[in-house]
Amino acid sequence: MNRDESRNDLGVVRIHKNVISSISSIAAMEVEGVKSVAKNLKSGLLEIIGQKSFSAIKVDISKNEEVKVEVPLIIKYGYNIPDVAGRVQENVRQALERMSNLSVKDININVRGIERGQQ
Amino acid sequence: MRFLTVIGIVFYATVIIVIGLTLIVFSLNLLLPQDINGLLIFSQSSQNSRIIIGFCGALLILISFSFAQLILGKFQRERTIAFTTSSGQVTISLSAVEDLIRRLAGIIPEVKELRPNVVVNKKGILVDMRVVLRSEANIPELTSRLQDITKSKIQEVLGLEEQIIIRIHVAKIVHDEKDNRKKKDFEKEDYSTIPFSGYGRA
């Protein structure tokens, strides 16, 4: 299933997986201590050609409309990882529920790295 | 995902077998250089065959990329520390922990270079560190300090109370040329900035 859909009197409203992943990405970036959402090969290649993609965020929508999101993150140096991950989970859940009315089952955080560069 | 892995493995096995067979046939003199030459000339002679060969090349590159990503992704997924919260699972890549430890080299001036390798097993978190020290360092004192700092940093940042074993291997002790140069420059400056310092007062 590629998109979540809901029906009202006028027709069907479909929410694409990309929408869910971009909401998750923005919500994750709002949390203090998050440097960026980690990229994968596909999103890296798309970024080279000037397209913004959140394909690194995996979204699964089950048949009973439960959403499962996996967010890969790069965390800033010096922050407590479980604390930041917990705040990201909470912020992503709130954002998804507020914007899409979806019931979020799992928000899995995958910390891929610590910010490199300046100390 | 498993289906793609099988296709990738079969594809690579086939390519390697074909290369192997070609080499064997070539070594047995069953395939002559003229034949290869003729085949290459034939394949380059028409535009259609060139287009097909070009597409095959591009396809091979794409398959290699996706297969490499699949394998690397699998390896990355295996090397993690995981814990579960009420909202879902949190996995921390061990390379992230390695990044964190690598940054400790900036905190301790006597450490010139630091290469950590983090492994997680039943005993706990095992950190193997390969360090390059500057010549003025007191090794027992420094390594013990490094172990303490690393341990407390991991506990502080990861918030885990698992046993952390830190092994340090001093790989090299380097003579810091920059410091020596600075010292020499300073001595020279000190000597040259006092004009007529050799003369006594009348």
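Residues numbered from 1 in each chain as written. Chains lettered and ligands numbered in written order. Predicted model: local features only at pLDDT ≥ 70, side-chain atom pairs only at ≥ 80, totals over all residues. Heavy atoms only, no water.

## As for the packing of helix α4 (residues 94-102) of chain B against helix α5 (residues 139-158) of chain B
Residues and elements named next belong to chain B.
Turning to step 1, where the next piece is worked out: Between α4 and α5, the least distance of the axes is 10 Å, while the angle of their chain directions is 130°. As far as their axial angle goes, α5 and α4 are oblique. α4 and α5 meet at a crossing whose hand is right-handed. Contacts from Val97, Leu100 and Ile101 of α4 reach α5 at Thr150, Lys153, Ile154, Val157 and Leu158.
Turning to step 2, where the next piece is worked out: Classifying every residue of the contact of α4 with α5 by side-chain character gives six nonpolar, one polar and one charged. (Axes fitted to C-alpha atoms, helices over the stretch in contact; angles between N-to-C directions. Helix = DSSP H or I, 4+ residues; strand = E, 2+ residues; numbered from the N terminus. Parallel < 35°, antiparallel > 145°, perpendicular 65-115°, else oblique. Left-handed = near helix turned anticlockwise from the far one by under 90°. Contact = heavy atoms within 4.5 Å. Nonpolar A, V, L, I, M, F, W, Y, C, P; charged D, E, K, R; others polar.)

## Considerations on the side chain of Asn110 of chain A
Turning to step 1, where the next piece is worked out: As for its placement among the helices and strands, Asn110 of chain A is situated in strand β6 (residues 103-114).
Turning to step 2, where the next piece is worked out: Engagement of the side chain of Asn110 of chain A in a polar contact is seen with the side chain of Thr91 of chain B, the distance being 3.1 Å.
Turning to step 3, where the next piece is worked out: Discounting residues that sit within four places of it in the chain, Asn110 of chain A has contacts with Glu70, Val71, Pro72 and Leu73 of chain A together with Thr91 of chain B. (Polar contact = N/O pair within 3.5 Å; in protein donor to acceptor, adjacent residues only side chain to side chain.)

## Quick word on the packing of aromatic side chains
One pair of aromatic rings is described through two measures. These are the centre distance and the angle between the planes.
Turning to step 1, where the next piece is worked out: One pass over the full model with this rule turns up one aromatic pair over all chains.
Turning to step 2, where the next piece is worked out: Taking the centre distance of 5.4 Å and the plane angle of 85° together, the rings of Phe11 of chain B and Tyr12 of chain B count as edge-to-face.
Turning to step 3, where the next piece is worked out: Cation over ring: Arg103 of chain B sits above Tyr77 of chain A, and NZ or CZ is 4.5 Å from the ring centre. (Phe/Tyr/Trp six-rings, centres within 6.5 Å; stacked < 30°, edge-to-face > 60°. Lys NZ or Arg CZ within 6 Å of the ring centre and 35° of its normal.)

## Some remarks on the interface of chain A and chain B
Interfaces are often sized by the amount of accessible area the parts lose when they come together.
Turning to step 1, where the next piece is worked out: Taken together, the contact between chain A and chain B spans 28 residues of the former and 28 residues of the latter.
Turning to step 2, where the next piece is worked out: Buried surface at the junction of chain A and chain B, summed over both partners, amounts to about 2100 Å²; 47% is from carbon and sulfur atoms.
Turning to step 3, where the next piece is worked out: Remark: the boundary between chain A and chain B carries zero salt bridges.
Turning to step 4, where the next piece is worked out: At the surface where chain A touches chain B, the tally comes to 13 residue pairs in polar contact (both at pLDDT 80 or more).
Turning to step 5, where the next piece is worked out: Elements with a contribution of two residues or more to the side of chain A that touches chain B: α3 (81-100) and β6 of chain A.
Turning to step 6, where the next piece is worked out: Residue contributions to the side of chain A that touches chain B peak at ten residues, all from β6 of chain A.
Turning to step 7, where the next piece is worked out: Split into classes, the residues belonging to the side of chain A that touches chain B amount to ten nonpolar, ten polar and eight charged.
Turning to step 8, where the next piece is worked out: Alignment of β6 of chain A against strand β2 (residues 88-93) of chain B, held across three bridges, turns out to be parallel. Across the sheet, Ile109 of chain A pairs through a bridge with Val90 of chain B, a residue of β2 of chain B. (Buried area = accessible area lost by both parts, 1.4 Å probe. Salt bridge = Lys/Arg side-chain N within 4 Å of Asp/Glu carboxyl O. Pairing = 2+ DSSP bridges.)

## Brief notes about a nonpolar patch on the surface
Turning to step 1, where the next piece is worked out: On the surface, Leu41, Leu45, Ile48 and Ile49 of chain A together with Ile61 and Phe65 of chain B cluster together to form a nonpolar patch covering roughly 640 Å² of accessible area.
Turning to step 2, where the next piece is worked out: Put simply, the parts of the chain that give the nonpolar patch at least two residues each are α2 (41-48) of chain A together with α3 (47-78) of chain B.
Turning to step 3, where the next piece is worked out: A total of three residues in the nonpolar patch trace back to one element, the largest contributor, which is α2 of chain A.
Turning to step 4, where the next piece is worked out: Tracing the chain through its elements places Phe65 of chain B in helix α3.
Turning to step 5, where the next piece is worked out: A residue is classified by how much of its surface remains accessible, and Phe65 of chain B, at 48% relative accessible area, is partly exposed. (Patch = residues over 30% accessible without salt bridge, like charges linked within 9 Å, V, L, I, M, F, W, Y side chains within 5 Å. Areas by Shrake-Rupley, 256 points an atom, 1.4 Å probe, with all protein chains shown as cover. Buried < 20%, exposed > 50% of the residue type's maximum accessible area, 1.4 Å probe, protein only.)

## A closer look at the confidence of the model for chain B
Turning to step 1, where the next piece is worked out: Mean pLDDT over chain B stands at 79; residues scoring 70 or higher make up 80%.
Turning to step 2, where the next piece is worked out: Reported for the predicted complex are a pTM of 0.60 and an ipTM of 0.70. (pLDDT = per-residue confidence, 0-100.)

## Remarks on unusual backbone geometry
Turning to step 1, where the next piece is worked out: One non-glycine residue, Asn101 of chain A, adopts positive backbone phi at about 60°.
Turning to step 2, where the next piece is worked out: Relative to the assigned elements, Asn101 of chain A resides in the loop between α3 and β6.
Turning to step 3, where the next piece is worked out: For Asn101 of chain A, a relative accessible area of 70% gives the class exposed.
Turning to step 4, where the next piece is worked out: Of note, the phi angle at Asn29 of chain B is positive, near 65°, even though the residue is not glycine.
Turning to step 5, where the next piece is worked out: In this fold, Asn29 of chain B is placed in the loop between α1 (2-27) and α2 (33-45).

## Topic: the sheet that holds strand β4 (residues 124-134) of chain B
Residue and element names in this part refer to chain B.
Turning to step 1, where the next piece is worked out: Sheet architecture is open: three strands sit in the order β3-β4-β5, paired in mixed fashion. Sheet topology places β3 (111-121) and β5 (164-174) at the edges, where each strand pairs with a single neighbour. Direction aside, the axes of adjacent strands within the sheet are offset by 15° on average.
Turning to step 2, where the next piece is worked out: Here ten bridges tie β4 to β5, and the two strands are oriented parallel to one another. Residue pairing in the sheet places Arg134 in a bridge with Val174 of β5.
Turning to step 3, where the next piece is worked out: This element, α4, spans β3 and β4 of the sheet and lies at about 150° to β3.

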